[in-house]
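For reference, the chains in residue letters:
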Amino acid sequence: MRWENLTVESGGHGRAADAALFGADAVTTRTFDTPEFRGITFHEIRARSIINRVPGASRMPFEWTVNPYRGCTHACVYCFARKTHSYLDLDTGLGFDSQIVVKVNAPDLLRRQLASPRWHGEHIAMGTNVDCYQRAEGRYRLMPGILTALRDRANPFSILTKGTLILRDLDLLTQAAEVTDVGVSVSVGFTDTELWRTVEPGTPAPERRLDVVRTLGERGIGCGVLMAPVIPFLGDHPAQLRATVRAIARAGATSVTPLVLHLRPGAREWFMAWLGQHHPHLVRRYERLYAEGAYAPKWYQRRITRQVHELAAEYGIGPSHGGAARRIRPEETRPVASSAPSMTEPVQLSLI
């Protein structure tokens with residue numbers, strides 16, 4: 001595996017993008033013979049940078065990210081981040097699901113970088129590459145240290161997750177929301193149980209994720225739902241959209257943003273292989289729908305967005321303000337937040 005070739009794409013805080021994030025001598029490989037981790041290999045590394053700049057050409061509505069893991073045991077067949085495993089000479093299919101890179105020094109490194117005079121307190125997004133609350137987090141417990149560092153510096157942040165493990169850190173989230181902007185979104189693209197079991201086999205069930213939305217709301221942390229992905233011909237029937245939006249509304253979500261499935265290289269090949277196995281009659285339809293590239297046509301995206309927003313209005317929730325601050329205290333008592341990139345536009349994001 002070419003660990004030494006994994007470079008800092010952003011160059012950190014103005015550095016040239018020529019220094020490896022970690023060297024081969026810093027990698028420890030482990031396996032754990034427990035049911036929840038059987039068949040999974042963990043590569044523990046000491047990262048050289050943890051705050052990453054999003055490339056300027058990205059559709060992401062934020063500039064900085066923190067990703068304590070690479071690879072994801074959620075094993076979502078459509079995950080766009082699969083391609084990133086090829087940078088390490090790791091397989092983007094089963095390897096992405098079972099070869100997990102763990103940045104074991106992430107909390108300490110983040111604390112140091114937040115304290116640097118070169119850091120100006122910009123918004124940090126988490127869970128935008130792979131899920132920071134995937135199964136591995138239950139063993140490595142990196143997020144409590146990360147959240148503590150962000151809280152102590154009153155640095156605004158947001159989290160996107162499919163994991164119920166975020167509730168373990170509810171007290172830290174509550175404390176952070178008292179001093180800075182905290183945005184939480186849960187990803188629930190559909191509530192169809194059979195679809196979930198085949199396309200998201202390593203994730204908690206959709207109803208359990210909606211329980212997270214409900215619990216966060218009860219603790220005063222409003223939670224939006226990223227309705228992603230809406231999967232063409234499998235999860236986009238009007239009755240399916242209605243059932244999903246209705247469940248999201250009942251969970252008390254503050255917002256909902258629909259995002260249609262997109263298929264980047266790496267994810268496309270894996271998803272199409274899955275489609276050929278489970279729904280071979282749809283292969284040609286997908287080839288036509290995605291003939292122009294990774295994204296479904298604009299007319300299709302607009303149709304889904306319109307349908308979901310109409311349903312959301314019917315059930316009493318508005319269009320998404322994804323990543324917006326979810327505060328506990330009244331507006332007039334809140335501290336002034338540092339400047340952060342806007343995350344309020346309901347655009348077709350490259351998150352899922």
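Because the structure is a prediction, the values reported are computed rather than measured.

About the cut-offs
- Residues numbered from 1 in each chain as written.
- Predicted model: local features only at pLDDT ≥ 70, side-chain atom pairs only at ≥ 80, totals over all residues.
- Heavy atoms only, no water.
- Helix = DSSP H or I, 4+ residues; strand = E, 2+ residues; numbered from the N terminus.
- Buried < 20%, exposed > 50% of the residue type's maximum accessible area, 1.4 Å probe, protein only.
- Lys, Arg positive; Asp, Glu negative; His and termini not counted.
- Salt bridge = Lys/Arg side-chain N within 4 Å of Asp/Glu carboxyl O.
- Polar contact = N/O pair within 3.5 Å; in protein donor to acceptor, adjacent residues only side chain to side chain.
- Axes fitted to C-alpha atoms, helices over the stretch in contact; angles between N-to-C directions.
- Parallel < 35°, antiparallel > 145°, perpendicular 65-115°, else oblique.
- Left-handed = near helix turned anticlockwise from the far one by under 90°.
- Contact = heavy atoms within 4.5 Å.
- Nonpolar A, V, L, I, M, F, W, Y, C, P; charged D, E, K, R; others polar.
- pLDDT = per-residue confidence, 0-100.
- Core = buried A, V, L, I, M, F, W, Y, C linked by side-chain atoms within 4.5 Å.
- Pairing = 2+ DSSP bridges.
- Arc of directions from axis to C-beta.
- Phe/Tyr/Trp six-rings, centres within 6.5 Å; stacked < 30°, edge-to-face > 60°.
- Lys NZ or Arg CZ within 6 Å of the ring centre and 35° of its normal.

Some thoughts on unusual backbone geometry
With an omega dihedral of -10°, the bond running from Ala 228 to Pro 229 counts as a cis peptide bond. Within the secondary structure, Pro 229 is located in strand S10 (residues 223–230). At Arg 141, a residue that is not glycine, the phi angle is positive and equals roughly 50°. Residue Arg 141 is classed as partly exposed on the basis of its relative accessible area of 47%. Here the phi dihedral of Phe 233 falls at roughly 70°; this positive angle occurs in a residue that is not glycine. Mapped onto the elements, Phe 233 comes out in the loop between S10 and helix H8 (238–250).

Things to note about the side chain of Glu 122
Relative to the helices and strands, Glu 122 is located in the loop between helix H2 (106–115) and strand S7 (124–126). Buried charge without a salt bridge: Glu 122, with Arg 53 as the nearest opposite-charge side chain at an N-O distance of 6.8 Å. At 3.4 Å, the side chain of Glu 122 and the backbone nitrogen of His 120 are in polar contact.

Remarks on the packing of H8 against helix H11 (residues 298–314)
Relative to each other, H8 and H11 sit at 45°, their axes nearing to 10 Å. Taken as axis vectors, H8 and H11 run oblique relative to one another. The hand of the H8/H11 crossing is right-handed. For the pair formed by H8 and H11, the contact residues are Pro 238, Leu 241, Arg 242 and Val 245 on the first element and Ile 304, Gln 307, Val 308, Leu 311, Ala 312 and Glu 314 on the second. Split into classes, the residues belonging to the contact of H8 with H11 amount to seven nonpolar, one polar and two charged.

Observations concerning the confidence of the model for the protein
Model confidence for the protein is summarised by a mean pLDDT of 85, while 81% of its residues fall at 70 or above. Low pLDDT, under 50, characterises residues 1–21; the stretch is placed with 51 contacts to residues that sit more than four places away or in other chains. Across residues 320–352 the pLDDT falls below 50, and counting only partners more than four positions away or on other chains, this stretch makes 98 contacts in the model.

Description of the nonpolar core
What tends to happen in soluble globular proteins is that the nonpolar side chains get buried as a cluster. Grouped together as the largest cluster of nonpolar side chains are 96 residues, with contacts concentrated most on Leu 110, Ile 124, Met 126, Ile 159, Phe 271 and Tyr 286. When residues no more than four places from it in sequence are discounted, the contact partners of Phe 271 are Val 77, Tyr 78, Ile 231, Leu 261, Leu 263 and Tyr 286.

Observations concerning the pairing of strand S6 (residues 99–103)
With four of its five residues buried, S6 lies for the most part within the structure. In terms of strand pairing, strand S2 (residues 41–45) meets S6 through five bridges, oriented parallel. In the sheet register, Thr 41 faces S6, and the bridge partner there is Gln 99.

Looking at H2
Along H2, the positions that sit buried rather than exposed are Ala 106, Pro 107, Leu 109, Leu 110, Gln 113 and Leu 114. Seen from one end, H2 has its buried residues packed into an arc of 160°, which puts them on one side. The exposed set on the far side of H2, more than 90 degrees from its buried face, consists of Asp 108 and Arg 112. For H2, the elements touching its buried residues are strand S3 (51–53), strand S4 (64–66), S6, S7 and helix H4 (143–152).

Description of the packing of aromatic side chains
Centre distance and the angle of the planes are the two values used to describe a pair of aromatic rings. Counted according to the given criterion, the structure contains 11 aromatic pairs. Each ring, one from Phe 32 and one from Tyr 140, has its centre 6.5 Å from the other, and the planes form 65°; the classification is edge-to-face. Of this pair, Phe 32 sits in the loop between strand S1 (28–31) and S2 while Tyr 140 sits in helix H3 (residues 137–140), and the two are 108 residues apart along the sequence. Between the aromatic rings of Trp 299 and Tyr 300, the centroid separation amounts to 5.9 Å while the plane-to-plane angle is 85°, which identifies the pairing as edge-to-face. The class for Tyr 300 is buried, based on a relative accessible area of 2%. Chaining the aromatic ring pairs together yields one cluster made of Phe 233, Phe 271, Trp 274, Tyr 286 and Tyr 290. Taking the ring centre of Phe 32 as reference, the NZ or CZ of Arg 139 above it sits at 3.8 Å. Sitting above the plane of the Phe 233 ring, Arg 285 keeps its charged end 3.8 Å from the centroid.

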